[in-house]
Amino acid sequence: LWSRCRILLKERVGAGSFQSWISPLRLASVEGGVATLTVPTAFLGSYVARNFQEAILAALAEAGGPASRLVFEAQGRTPMRGAVPMPAAQAAAPMAAPALAPEPAEETQRLDARLTFDRFVVAKSNELAYAAARRISEGMAVGFNPLFLHGGVGLGKTHLMQAIAHEMRARRPHTRVLYLSAEQFMIRFVTALRDRKMMDFKQVFRAVDVLMVDDIQFIAGKDSTQEEFFHTFNALVDQGKQIVLTADRSPVEIAALEERVTSRLQSGLVVQVHPADYELRLGVLQSKLAAARVADPNLRIADGVLDFLATRVTSNLRVLEGALTRLCAQASLVGREITLDLARDCLGDVLRASDRKVSIEEIQRKVAEHYHIRLADLIGPKRLRSFARPRQMAMYLAKTMTSRSLPDIGRRFGGRDHTTVMHGVRKIEELLGTDAQIADDLEILRRALEG
Ligand code: ADP
Ligand code: MG
């Protein structure tokens with residue numbers, strides 16, 4: 001369970017934060033809705049509780065060990081229950097208030113209380129998406145059905161979507177807003193099928209006023225899930241209910257979607273969230289810093305540090321945010337001002353990663369070369385061990401050295417499923433502990449790619 005969670009979390013919080021904060025944690029137990037994690041120090045525990053609680057709860061739920069509360073135990077000490085600042089219910093306080101959420105809790109995935117409109121920085125790259133989201137949340141969105149937001153990873157799609165949900169619930173407490181990831185939709189659907197509860201499933205999904213499905217590209221190629229989604233979608237649109245979807249690509253670019261699904265998705269408003277430019281990156285940093293200062297008024301940061309970050313960390317806003325969070329934590333830990341030097345030291349890995357962008361193609365070429373096989377065999381369907389292992393290695397490198405998602409990587413490996421990629425990544429992870437040859441190969445390839 002925990003290893004599945006770790007994979008999910010690494011993807012969500014970014015490799016840097018993951019390394020600093022999540023990787024030292026161990027899951028001791030999940031019992032009675034309480035997940036107990038052991039941490040090396042109390043400081044780490046309270047930091048993780050403050051910053052990653054929601055992410056960990058979400059990952060646990062997705063990995064099949066749902067819990068509603070986290071408890072951190074410092075290793076070799078008594079449980080630090082008292083030190084945990086906020087149980088999950090409180091963290092999502094605005095949502096949990098009975099007046100605001102009339103529907104049963106299990107109907108909706110937990111919203112992140114921080115992802116609101118007033119914390120969203122508007123710039124050229126996202127102003128259309130922002131305007132459309134605002135309109136929808138005000139209930140003025142005639143003809144915007146569905147609203148389809150698409151764009152690369154970490155550009156604010158989930159943020160906007162959840163902001164719509166928060167706003168709608170605040171304005172009209174009785175509106176039934178159902179927010180979930182496409183993956184969650186699939187899990188619910190498959191579970192309902194297995195337990196012969198399809199009637200219940202349909203009832204839940206058809207009784208909502210607003211349906212929000214995040215990362216819809218996930219269901220592409222999953223035929224029965226896609227089919228059910230299509231029916232749900234049609235039923236809701238026919239009743240005049242609002243639908244909001246996000247994806248990492250536009251409807252036409254989601255290759256494995258059926259034609260009729262694609263055309264329905266395009267029938268509303270399709271808006272792209274573009275990569276963040278310098279102004280937006282700086283704006284996001286300033287707004288996060290302001291929030292961090294509320295928590296720690298002693299936080300000092302030298303001139304030029306934000307500019308440095310905004311200039312150097314360009315890949316996505318999540319990574320950028322993670323970098324700042326890490327810096328702030330580091331600075332308050334040692335009680336020092338955040339200087340450029342501290343930033344360089346503390347963010348070495350993040351900066352290196354954005355110094356050089358490695359492409360999947362490059363990885364594939366180098367791996368094929370290294371193992372003396374043809375590129376076509378690396379990507380192709382053959383399952384021979386002599387191709388499969390290099391293929392898994394290439395998938396592992398693609399996952400760890402690029403910001404591509406698992407489905408995205410799968411597509412570039414001859415249209416494989418994301419689960420195949422995940423399996424490949426895990427296989428290499430597993431082998432790294434036992435097989436010195438694999439570890440050597442990895443080291444050589446990494447160096448070659450980092451150039
Ligand atoms: P996506 O769903 O597109 O992958 P997210 O919505 O999860 O991206 O955004 C990644 C992180 O960046 C989140 O913490 C989010 O709050 C932050 N973020 C993205 N865009 C903005 C913005 N315009 N203003 C403030 N924060 C933002
Ligand atoms: Mg998202």
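Residues numbered from 1 in each chain as written. Chains lettered and ligands numbered in written order. Predicted model: local features only at pLDDT ≥ 70, side-chain atom pairs only at ≥ 80, totals over all residues.

Undergrad: Just to check I follow, could you spell out the sheet that holds strand β5 (residues 177-181) for this structure?
TA: The strands making up a sheet associate through hydrogen bonds between their backbones, and the pairing can be parallel or antiparallel. The strand order across the open sheet formed by five strands is β5-β6-β7-β4-β8, and the pairing between neighbours is parallel. If you trace the sheet from one side to the other, it starts and ends with β5 and β8 (269-272), each paired once. Going from strand to strand, the sheet's axes swing by 15 degrees on average, the running direction of each strand aside. In this structure, strand β6 (residues 210-214) lies alongside strand β7 (residues 242-247), joined through four bridges in parallel fashion. When the sheet's bridge partners are listed, Met-212 is paired in β7 with Val-244. Here helix α6 (residues 127-137) sits on the sheet and contacts β4 (147-150), β7 and β8; the angle it forms with β8, its principal contact strand, is near 140 degrees. (Pairing = 2+ DSSP bridges. Helix = DSSP H or I, 4+ residues; strand = E, 2+ residues; numbered from the N terminus. Axes fitted to C-alpha atoms, helices over the stretch in contact; angles between N-to-C directions. Contact = placed C-beta atoms within 7 Å.)

Undergrad: What am I meant to see in the site of ligand 1 here?
TA: Neighbouring ligand 1 are 17 residues, the closest being Val-121, Gly-156, Lys-157, Thr-158 and His-159. Elements represented by at least two residues in the shell around ligand 1 include exactly α7 (157-171), α12 (278-295) and α14 (317-334). Taken together, the residues that form the shell around ligand 1 break down as seven nonpolar, six polar and four charged. In this structure, the shell around ligand 1 is formed jointly by two domains, domain 2 (104-272) and domain 3 (278-355), each of which donates at least three residues. (Near = placed C-beta within 6 Å. Nonpolar A, V, L, I, M, F, W, Y, C, P; charged D, E, K, R; others polar. Domains from an automatic or database assignment.)

Undergrad: I keep staring at α6 and nothing clicks. Help me out?
TA: Residues lying three or four places apart along an α-helix face the same way, a consequence of the helix completing one turn every 3.6 residues. Along α6, the residues that are buried comprise Ala-129, Tyr-130, Ala-132, Ala-133, Ile-136 and Ser-137. Buried residues of α6, viewed axially, fall in a sector of 165 degrees; they line one side. The inward-facing, buried residues of α6 abut β4, α7, β7 and β8. Gly-139 sits one or two positions beyond α6 and adopts a positive phi of about 75 degrees. (Buried ≥ 20, exposed ≤ 12 C-beta atoms within 10 Å, placed from the backbone. Arc of directions from axis to C-beta.)

Undergrad: Looking at this structure, how should I read the packing of α6 against α7?
TA: Between two packed helices, the angle of one axis relative to the other and the distance separating the axes together describe the packing. Across the interface, α6 lies against α7 with an axial gap of 9 Å and an inter-helix angle of 25 degrees. One finds that α6 runs roughly parallel with respect to α7. Viewed along their axes, α6 and α7 form a crossing whose handedness is right-handed. Together, Ala-129, Tyr-130, Ala-133, Ile-136 and Ser-137 of α6 and Leu-160, Ala-163, Ile-164, Glu-167 and Met-168 of α7 make up the contact between the two elements. Split into classes, the residues belonging to the contact of α6 with α7 amount to eight nonpolar, one polar and one charged. (Parallel < 35°, antiparallel > 145°, perpendicular 65-115°, else oblique. Left-handed = near helix turned anticlockwise from the far one by under 90°.)

Undergrad: How should the UniProt feature "binding site: ATP" (unreviewed entry) in the chain be read in this particular structure?
TA: Per the UniProt record, "binding site: ATP" (unreviewed entry) is annotated on Gly-154, Gly-156, Lys-157 and Thr-158. Within the secondary structure layout, Gly-156 lies in the loop between β4 and α7. The topology assignment puts Lys-157 in helix α7. Sequence-distant contacts of Lys-157, that is, excluding residues within four places in its chain, are made with Leu-149, Gly-151, Thr-246 and Val-273. (UniProt positions renumbered as here; feature names shortened; annotations may be inferred.)

Undergrad: What's the story with unusual backbone geometry in this structure? I'm lost.
TA: For residues that are not glycine, phi is negative in most cases, and the peptide bond is trans in most cases. The amide bond that connects Asn-145 to the next residue, Pro-146, takes the cis arrangement and shows omega of 0 degrees. With respect to the helices and strands, the residue Pro-146 is situated in the loop between α6 and β4. Within the chain, Arg-196 stands out as a residue other than glycine whose phi angle is a positive 55 degrees. With respect to the helices, strands and loops of the structure, Arg-196 is situated in the loop between α8 (182-194) and α9 (198-206). By C-beta crowding, Arg-196 is classed as exposed, having 8 other C-beta atoms within 10 Å. Look at Asp-215: it is not a glycine, yet its phi comes out positive at around 60 degrees. By the secondary structure assignment, Asp-215 is in the loop between β6 and α10 (223-238).

Undergrad: For this particular structure, what's the right way to read the sheet that holds strand β3 (residues 69-74)?
TA: Spatially, β1-β2-β3 is the arrangement adopted by the three strands of the open sheet, whose pairing is mixed. Of all strands in the sheet, those with a lone pairing partner are β1 (26-31) and β3, marking the two edges. Averaged over all pairs of adjacent strands, the angle between their axes in this sheet comes to 25 degrees, without regard to strand direction. Pairing of strand β2 (residues 34-39) with β3, which is carried by six bridges, proceeds in the parallel orientation. Its bridge partner lying in β3, Val-39 is registered against Ala-74.

Undergrad: Explanation requested: the packing of helix α2 (residues 15-22) against α14 in the structure shown.
TA: One can describe the packing of α2 onto α14 by two numbers: an axis separation of 8 Å at closest approach and a directional angle of 35 degrees. Between α2 and α14, the residues in contact are Gly-16, Ser-17 and Ser-20 and Gly-322, Ala-323, Thr-325 and Arg-326, respectively. Among the residues forming the contact of α2 with α14, the class breakdown is one nonpolar, five polar and one charged.

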